[in-house]
Amino acid sequence: MSTIPRIALLGCGYWGKNLARNFHELDVLALVCDPSEASRATATEIAPGVAAAADFNDAIQADDIDAVAIATPAQTHFELVAAALVAGKDVFVEKPLALKTDEGSKLQRVANEHGRILMVGHLLEYHPAVLRLRELIDAGELGNVNYVYSNRLNFGKVRTEENALWSFAPHDVAVILRLLGEMPNKVTCVGGSFLTPGLADVTVSSLMFESGRRAHIFVSWLNPFKEQKLVIVGEQKMAVFNDVEPEHKLVLFDQRVDFAVGLPVLHRNGHETVKFSSDEPLRRECEHFIECIQTRRTPLTDARSGVRVLRVLEACQESMEQSGCPISINGR
């Protein structure tokens, strides 16, 4: 398909309205579906002239709709994505792809069987700073990466249906897997439920890799301040991506440790701010989906990558339910 696709948006709530804005500005938004009258009114304000409907099936079954973008609660993703794929639609779905690995794998198979594009909204993978980080790592600028850690903390956005692990950590899991280029073979996870019984508000996940690398992810919506920080520690240099920092978001530290006569010698050679594009990550993500529809190329964040993230999250959830016991991912 080389013509401009007609895309329907399913869900115009907290995040869906941002998709509505971008797809409308890209002149591909043809329909917005949301059972909430208030959300439909929001869609009309954001995208005047675009049709609005209450029933998701109006988009899924419409002959003049080429693709759907799904921004509904995570527990609805599996059924909506499956229905859209079977109806012959290309699909963009916000993270997570599903809530179970086997459901994600089934969606991957359905997409392949029907020749459809299935793209998962792992937004951070389209952030210019993360793309620049990938370039630095691939070019060997940091040397071999030893470990990575990510903090995603805030006060608010409290969920009552899904815990902090499933709400916040998919972003960080997706980026870590992409930057390191490998799956962990074992994970541990611990968490604490303080607001809603049985629903973790705070989780700390540790990922162990066959290569010897380590990563950990700390997420919480019960934190006194907002922090979105990714730290990559290499043998030669270290990088920090601080998305809350207004100007110096990506900083490269020329720091390493050598050994002389068996003693560690610390080298501190200053740091530099790394420049990158100021493009909006969501705009890049939406443009990528449109391009994939038109060219039939596989998305960067395809179903396969979505399933990998699910495998890690599912293992972390299992570990947390077993009080932090290590869980193997091999064969999962």
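These numbers were taken from a predicted model, which means no experiment stands behind them. Think of each chain on its own: its residues are numbered from 1, step by step along the sequence as written. Given that the model is predicted, a residue must reach a pLDDT of at least 70 before its local features are reported, and side-chain atom pairs must reach 80 or more before they are shown or counted; all residues, however, enter totals for whole chains, interfaces and linings. The basis for the side-chain values is all heavy atoms of the structure; hydrogens and waters are excluded.

Draft legend 1. The side chain of Arg213, seen in detail. Helix and strand definitions follow DSSP, with helices as H or I runs of at least four residues and strands as E runs of at least two, each counted in order from the N terminus. Along the polypeptide, Arg213 turns up in the loop between strand S9 (202–209) and strand S10 (214–220). Accessible area is worked out with a 1.4 Å probe on protein chains only. A residue is then buried under 20% of its type maximum, exposed over 50%, and partly exposed in between. For Arg213, a relative accessible area of 16% corresponds to the buried category. Here the side chain of Arg213 touches Leu180 through a polar contact of 3.0 Å, landing on its backbone oxygen. When checking whether two residues touch, look at their non-hydrogen atoms; a contact exists if any pair is within 4.5 Å. With residues up to four places along the chain from it excluded, the contact list for Arg213 reads Asn144, Val145, Asn146, Leu180, Glu182, Leu207 and Met208. Under this definition, polar contacts are N or O atom pairs within 3.5 Å; protein pairs additionally need one hydrogen-donor-capable and one acceptor-capable atom, and for neighbouring residues in sequence, both atoms have to be side-chain atoms.

Draft legend 2. Inspection of the packing of helix H1 (residues 16–25) against helix H8 (residues 281–295) at higher detail. Structural elements are reduced to axes, namely lines fitted to C-alpha atoms, with helices fitted over the stretch in contact, and the angle between N-to-C directions of any two is expressed from 0 to 180 degrees. Axis separation between H1 and H8 bottoms out at 10 Å; the angle between their running directions is 60°. Between H1 and H8, the interaxial angle falls into the category oblique. The hand of the H1/H8 crossing is right-handed. Contact with H1, carried on its side by Asn18, Leu19, Asn22, Phe23 and Glu25, involves Leu282, Arg283, Cys286, Phe289 and Ile290 of H8 and no other residues of that element. Oblique is the label for every angle not falling under 35 degrees (roughly parallel), over 145 degrees (roughly antiparallel), or within 65 to 115 degrees (roughly perpendicular). Left-handed describes a crossing in which the near helix is turned anticlockwise from the far one by less than a right angle; the clockwise case is right-handed.

Draft legend 3. Seen up close, the side chain of Gln317. For Gln317, the location among the structural elements is in helix H9 (residues 303–321). Reaching out from Gln317, the side chain makes a polar contact with the side chain of Asn163 at a distance of 2.9 Å. Residues in contact with Gln317, not counting those within four places in the same chain, are Asn163, Leu165 and Trp166.

Draft legend 4. Molecular detail of the pattern of salt bridges. Put simply, a salt bridge is a Lys or Arg side-chain nitrogen that is within 4 Å of an Asp or Glu carboxyl oxygen. Applying the stated criterion to the full structure yields 14 salt bridges. Taking the shortest distance from any N to any O, the salt bridge between Asp64 and Arg6 comes out at 3.5 Å. In this pair, Asp64 is assigned in the loop between helix H3 (57–60) and strand S4 (67–70) and Arg6 in the segment before strand S1 (7–10), connecting sequence segments 58 residues apart. Judged by relative accessible area, Asp64 falls into the partly exposed class, the value being 44%. Across the pair Arg132 and Glu135 runs a salt bridge whose closest N-O atoms are separated by 3.1 Å. With Arg132 and Glu135 both in helix H6 (residues 128–138) and three residues apart, this pair spans about one turn of that helix. The exposure class assigned to Arg132 is partly exposed, which follows from its relative accessible area of 26%.

Draft legend 5. Inspection of the sheet that holds S9 at higher detail. When DSSP finds two or more bridges between a pair of strands, those strands are recorded as paired. In space, the nine strands of this open sheet follow the order S14-S13-S12-S11-S7-S10-S9-S8-S15, with mixed pairing throughout. Strands at the two margins of the open sheet, each flanked by one partner only, are strand S14 (263–273) and strand S15 (327–328). Pairing of strand S13 (residues 250–260) with S14 involves nine bridges; the strand directions are antiparallel. Pairing of Phe259 across the sheet is with Pro264, part of S14. Here helix H7 (residues 164–180) sits on the sheet in contact with strand S7 (145–155), strand S8 (184–192), S9, S10 and strand S11 (222–234), set at roughly 155° to S10. Together, S8, S9 and S15 form the strand contacts of H9, whose direction differs from that of S8 by roughly 50°.

Draft legend 6. Fine view of unusual backbone geometry. Cis rather than trans, the peptide bond between Lys95 and Pro96 has omega equal to -10°. With respect to the helices, strands and loops of the structure, Pro96 is situated in the loop between strand S5 (90–94) and helix H5 (101–114). In the Ramachandran plot, Asp27 falls in the positive-phi region, its phi being about 65° despite a non-glycine side chain. A relative accessible area of 60% places Asp27 in the exposed class. Phi is positive for Ser323, close to 60°, though the residue is something other than glycine. Structurally, Ser323 can be placed in the loop between H9 and S15. The exposure class assigned to Ser323 is exposed, which follows from its relative accessible area of 68%.

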